[in-house]
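Observations on the three-dimensional arrangement
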Amino acid sequence: MAFANRFGWSLSREATFDQCRRRYFFHYYLSWGGWQAGAPAGAREAFKLKRLVSLPLWRGQLVHYVASMVLRSMKAKGKIPDRDRVVAYTLERFKTQFEFSREKRYLSTPKKSFESLNIDWLALIDHEYGRPVTDAALERTRGECVQAIDGLYESPILGVIAETDRAKWDIEDLASGAFSQQFEYGGATVFVKTDFMFRAGDGTLRIVDWKTNRGAVRETDAAEDEPRDAAVQLGIYGYYAARILGEPVASIRLLEVNLLDGGRSIEHAAGEESVARAGETIASGIAKLSGALFGRDTARNEALPYERFPMIDNGLCRFCNFFRICKDESCSLRLP
Ligand code: SF4
């Protein structure tokens, strides 16, 4: 059966659209089918480029994965795993993944086989573009990974959840590479990706979002796709819990945990007003993105011609995955 490119919405997808229309076109349309050997060269190149990550994004992915493993271990064994062993595991993944990328094994090794991801699969933008990763940048990223794990352990959350019913924990499954949380809304598949949900002792449903970005946005974070407006993101999770899972709004708690800031937690308001606002965000986002389709036809999901996705011209381009096929005049696959 043919695997169709379904029209979808998520906050990060809309953020890409807002940042650069051309980047959106490359990521969600040109790259489609590019995993097939017989696909057009442009699609194959776009597919490869869309999977490249920056150092900050890699840091975020690795920390999210380790956090999910810590929770899985707690769920299975009923105790918090030893912090030093978790740090050692993180650094082992860090080293293995970096070597995988540096040797460009991402060109020949599948990221996913059957239903599971190769967790050590990594393709760094710098390696693909032949740019050196300085020792200082690598050391800083490594240090931030450890700092984030420390933030997880310093946060009160591990202690809080240890007292709750583990059978009711819902932990993001990063090893499967699939979106388990999605729903249909106005002709679009809406993707939600909560990091962790649990039922607290007082009966409330707590939705936790690990944050691994830093307060100040650096220029080199252009390729980082972790939405920075945590309130909006958690509002979408609140909508999902209320409208899709059927949770009473009054018993939803939304929690942002900043792992690079000592595990500092911020609770965001969940109420009828914020759920309604999240519904409006989803509806307006779908309306915006569907405007880039022929006839606004979300079922057909055919993008307008690429000329209708204008490029931008600023410092972000230097750090963009798609620079090669967008702005590198020596690249034969570059769009005219
Ligand atoms: S190189 Fe610049 S214009 Fe081209 S897709 Fe990337 S951000 Fe957009």
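Now for a description of the structure that goes with this document. Keep in mind the model is a prediction, meaning the values are calculated, not measured. (Residues numbered from 1 in each chain as written. Predicted model: local features only at pLDDT ≥ 70, side-chain atom pairs only at ≥ 80, totals over all residues.)

**As for the site of the ligand**
What counts, and what does not: We count a residue as near a molecule or strand when its backbone-placed C-beta atom lies within 6 Å of that partner. Put simply, DSSP H or I for four residues or longer makes a helix, DSSP E for two residues or longer makes a strand, and each gets a number counted from the N terminus. Think of it as three bins: nonpolar holds Ala, Val, Leu, Ile, Met, Phe, Trp, Tyr, Cys and Pro, charged holds Asp, Glu, Lys and Arg, and polar takes everything else, Gly as well.
Not every one of the 13 residues close to the ligand is listed here, only the nearest: Cys20, Met311, Cys317, Cys320 and Cys326. Residue assignment for the shell around the ligand shows that the elements contributing at least two residues are helix H2 (21-30) and helix H11 (323-327). Taken together, the residues of the shell around the ligand sort by class into 10 nonpolar, no polar and three charged.

**Observations concerning helix H7 (residues 135-154)**
To keep it simple, the criterion reads: To estimate the expected span of a helix, count its residues, drop one, and scale the result by 1.5 Å. Burial in this document is a count-based property: other C-beta atoms within 10 Å of a residue's C-beta are tallied, and the residue is buried at 20 or more, exposed at 12 or fewer, or partly exposed in between, with C-beta positions derived from the backbone. Summarising the geometry, the arc corresponds to the directions from the helix axis toward the C-beta atoms. We call two residues in contact if the C-beta atoms placed from their backbones are at most 7 Å apart.
A rise of 1.5 Å per residue sets the reference length of H7, with its 20 residues, at 28 Å; its end C-alpha atoms lie 28 Å apart and thus fit the reference within 8%. The set of residues buried in H7 consists of Glu144, Cys145, Ala148, Ile149, Gly151 and Leu152. Down the axis of H7, the smallest arc covering the buried residues is 155°, so these residues share one side. Among the exposed residues of H7, those oriented more than 90 degrees off its buried face are Asp135, Ala136, Glu139 and Gly143. Where H7 is buried, its residues meet helix H4 (55-77), helix H5 (83-102) and strand E9 (252-258).

**Observations concerning the packing of helix H1 (residues 11-19) against H2**
We count it as follows: The angle between two axes is taken between their N-to-C directions and runs from 0 to 180 degrees, where each axis is a line fitted to C-alpha atoms and a helix contributes only its stretch in contact. The scheme is simple: roughly parallel for angles under 35 degrees, roughly antiparallel for over 145, roughly perpendicular for 65 to 115, oblique for anything else.
At a minimum axis distance of 5 Å, the contact between H1 and H2 shows a crossing angle of 135°. The orientation of H1 with respect to H2, classified from their angle, is oblique. From H1, Arg13, Thr16, Phe17 and Gln19 reach across to H2, where they touch Arg21, Arg23, Tyr24, His27 and Tyr28. Residues that form the contact of H1 with H2 fall into these classes: three nonpolar, three polar and three charged.

**Considering the nonpolar core**
We apply this condition: Structurally, a nonpolar core is described as a collection of buried Ala, Val, Leu, Ile, Met, Phe, Trp, Tyr and Cys residues joined by way of C-beta atoms within 7 Å.
Within the largest apolar cluster, 69 residues are counted, with the highest numbers of intra-cluster contacts made by Val63, Ile207, Ile236 and Tyr237. Tallying contributions element by element places H4 first for this core, with eight residues. The residues contacting Val63, other than those within four sequence positions of it, are Cys145, Ala148, Ile149, Thr212 and Leu259.

**Things to note about helix H10 (residues 272-290)**
Over its 19 residues, H10 runs 27 Å from end to end, which matches the ideal 27 Å to within 8%, given 1.5 Å per residue. All of the buried residues along H10 are Ser274, Ala278, Ile282, Gly285, Ile286 and Leu289. Along the long axis of H10, the arc covered by the buried residues comes to 120°, so they all point the same way. H10 presents Glu272, Glu273, Glu280 and Ser284 as exposed residues on the side facing more than 90 degrees away from its buried surface. If you follow the buried residues of H10, they end up packed against strand E1 (8-9), H1, strand E5 (182-185), strand E6 (188-191) and helix H9 (230-244).

Spatial relationships are all this shows, so hold off on functional conclusions.
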